[in-house]
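# An overview of the molecular structure
The primary structure of each chain is shown beneath.
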Amino acid sequence: MFKIGVFSRLVQVPVATLRYYDYVGLLKPDRVDAQTGYRYYSADQLPRLHRILALRGLGFSLEEIGQALESQVPSEQMRGMLRLRQAQLNQELAEAQQRLREVEMRLQQIEHEGEISTYDVLLKAVEPQIVALVRATVPSHAMIGALFDELIGILNQGMTAALQVEPGRSMALWFDSEYRPHHVDGAAAVLLDERIPNRGSMEVVELPGGTMASAVHHGSYETLYRAHEAVLQWIEANGYHVAGPDREVYLYNAAPVRRDDPSFITEVQYPVARVDPSSDAEDAPRARTLTGVMESDEIVDIPNNRVKFFGTTGKMLLPSPQTIADVLRTIPEGRLVTTEQLSQAMAERFAVEAVCPVTTYKSLRALGADPSSAAPVWRVVKQNGDLPVLLTGGPDGQAAFLAEEGIEIESSGKTPKVKGFRNRLAHIDQHS
């Protein structure tokens, strides 16, 4: 017989745990001294304790373990318990992998932009909603206000007081599968508590529920496109695809509605579904290379879910490090190039409508980390003159290279910045 302390050291289980197992009836001591209260355990109890520890290690609850031990669960029932636990672990693993992808994307955003994104993209479940809407082809996205005027006018017919739409109960719906700057298929909608009859151009429908990728934009309608870009980038990076018309839910605005009012709050929602790799195996390798370092240049169709981001359809270049190095070697010492200039130069050289910014950034990082590369990556700056994270030494390392070329660096902000950088910008001959 072993005292509880000796038994604890023998089985490498804390005394407190053994006492708790005794308390819940999972592993009672073999004997308890009536006078001292000391607990004694026997070697015969080791197999039971090992079974407890094994099942606990698989994630079973103490209640489930107790039931399995006391009822002498037959093998078929134990197999069922293990299969259930296997399914639970697979679900937990999938959720953990999803969180890992989101963390990796946040890290990529910070490395790419040099700062934390102002948008937090979340997945949310939205219930089906009954709405009254007026749908039409409008000259541009900015003209959706005319549809709201028409919709509110119809809803006010026969009302003794003007309808007051509560925050969060009005939204715009955009139905085009591709981005269109003009002749946009849109709808102005207002949530209803119950169905009402259709009137004139107003139709009452039920919007389907489902999973939405959403982000909240605090700012003017003129800058709302930034929230759309953030959500679309998140959708692509996390293995989803757009599964229906996107929505702009107006959480706060004030009359008169001005597109430049910075106090407005809008939620951008995109219905999404998981991409099934087996449904389009031919595109799966390409989807992976969109965010990788290319061994050679590749020209692809602009994906539908990036049309709104680029503002056009057509072809897109996935540039290799070698192509970017060729462009950078045309930048003279003491001169700079912005990432946008770099993309414009490559787009013209390859006669494409767009250049993938993620692939460009990956190729720049590859050049910056390659000690054998002579490409002057340090001459690349952001649109505002900030130094991106491209070199192994970070912005400080890049600043040292630029200082050697006589370029003045301002270091009072969060990251080093080129002073008067616009006067240093080079002219790139795209046809050289």
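Attention here is on the structure that accompanies the text.

## A word on the overall build of the protein chain
Scanning the protein chain for helices and strands turns up 13 helices and 19 strands. Counting all 432 residues of the protein chain, 39% fall into the buried class. Sequence-distant contacts, at least 24 apart, represent 66% of the contacts inside the protein chain between residues at least 6 apart. Accessible area for the protein chain stands at about 24000 Å²; split by element, carbon and sulfur atoms hold 51% of it.

## Concerning the side chain of Ser-363
Along the chain, the position of Ser-363 falls in helix H12 (residues 357-369). On the accessibility criterion, Ser-363 (0% relative accessible area) is buried.

## Things to note about the sheet that holds strand S1 (residues 2-3)
Ordered by their spatial adjacency, three strands build an open sheet running S1-S3-S2, and the pairing between neighbours is antiparallel. A strand with exactly one partner marks an edge of an open sheet, and here the two such strands are S1 and strand S2 (31-32). In this sheet, strand S3 (residues 39-41) lies alongside S1 in antiparallel orientation, the contact comprising two bridges. Residue pairing across strands places Lys-3 opposite Tyr-40, the latter belonging to S3.

## Quick notes on a nonpolar patch on the surface
Together, Tyr-20, Tyr-23 and Val-24 give the surface a local cluster of nonpolar side chains, amounting to about 360 Å² of exposed area. When you line up the elements, Tyr-20 lands in helix H2 (residues 15-23). Classification of Tyr-20 as partly exposed rests on a relative accessible area of 42%.

## Describing unusual backbone geometry
In this chain, Ala-255 is followed by Pro-256 through a cis amide linkage whose omega measures -5°. Tracing the chain through its elements places Pro-256 in the loop between strand S11 (246-252) and strand S12 (265-274). Its identity is not glycine, yet Gln-12 carries a phi of approximately 60°, on the positive side. For Gln-12, the position within the fold is in the loop between helix H1 (4-11) and H2. Notably, Ala-351 is not glycine yet its phi reads approximately 55°, a positive angle. Tracing the backbone through its elements, the reader meets Ala-351 in the loop between helix H11 (339-350) and strand S16 (354-355).

## Quick look at the sheet that holds strand S13 (residues 298-301)
Pairing within the open sheet is mixed, and its three strands lie in the order S13-S14-S16. The two strands at the open ends of the sheet, each matched to only one other strand, are S13 and S16. Note that strand S14 (residues 315-318) and S16 share two bridges and pair parallel. Residue pairing across strands places Leu-317 opposite Val-355, the latter belonging to S16.

## Considering the packing of aromatic side chains
The relative placement of two aromatic rings is captured by the distance of their centres and the angle of their planes. Summed over all chains, the structure comprises nine aromatic pairs. Here Tyr-221 and Tyr-250 contribute two aromatic rings whose centre-to-centre distance is 5.5 Å and whose plane-to-plane angle is 65°, an arrangement assigned as edge-to-face. Of this pair, Tyr-221 sits in the loop between strand S9 (210-218) and helix H7 (225-237) while Tyr-250 sits in strand S11, and the two are 29 residues apart along the sequence. The class for Tyr-250 is buried, based on a relative accessible area of 8%. An aromatic cluster is present here, built from Phe-148, Tyr-221, Tyr-250, Tyr-252 and Phe-264 joined pairwise through their rings. Between Arg-31 and the ring centre of Tyr-40, over which it is positioned, the NZ or CZ distance is 4.5 Å. It is Arg-274 that lies over the ring of Tyr-240; its NZ or CZ is 4.3 Å from the centre.

The rules behind these values
- Residues numbered from 1 in each chain as written.
- Predicted model: local features only at pLDDT ≥ 70, side-chain atom pairs only at ≥ 80, totals over all residues.
- Heavy atoms only, no water.
- Helix = DSSP H or I, 4+ residues; strand = E, 2+ residues; numbered from the N terminus.
- Buried < 20%, exposed > 50% of the residue type's maximum accessible area, 1.4 Å probe, protein only.
- Contact = heavy atoms within 4.5 Å.
- Areas by Shrake-Rupley, 256 points an atom, 1.4 Å probe, with all protein chains shown as cover.
- Pairing = 2+ DSSP bridges.
- Patch = residues over 30% accessible without salt bridge, like charges linked within 9 Å, V, L, I, M, F, W, Y side chains within 5 Å.
- Salt bridge = Lys/Arg side-chain N within 4 Å of Asp/Glu carboxyl O.
- Phe/Tyr/Trp six-rings, centres within 6.5 Å; stacked < 30°, edge-to-face > 60°.
- Lys NZ or Arg CZ within 6 Å of the ring centre and 35° of its normal.

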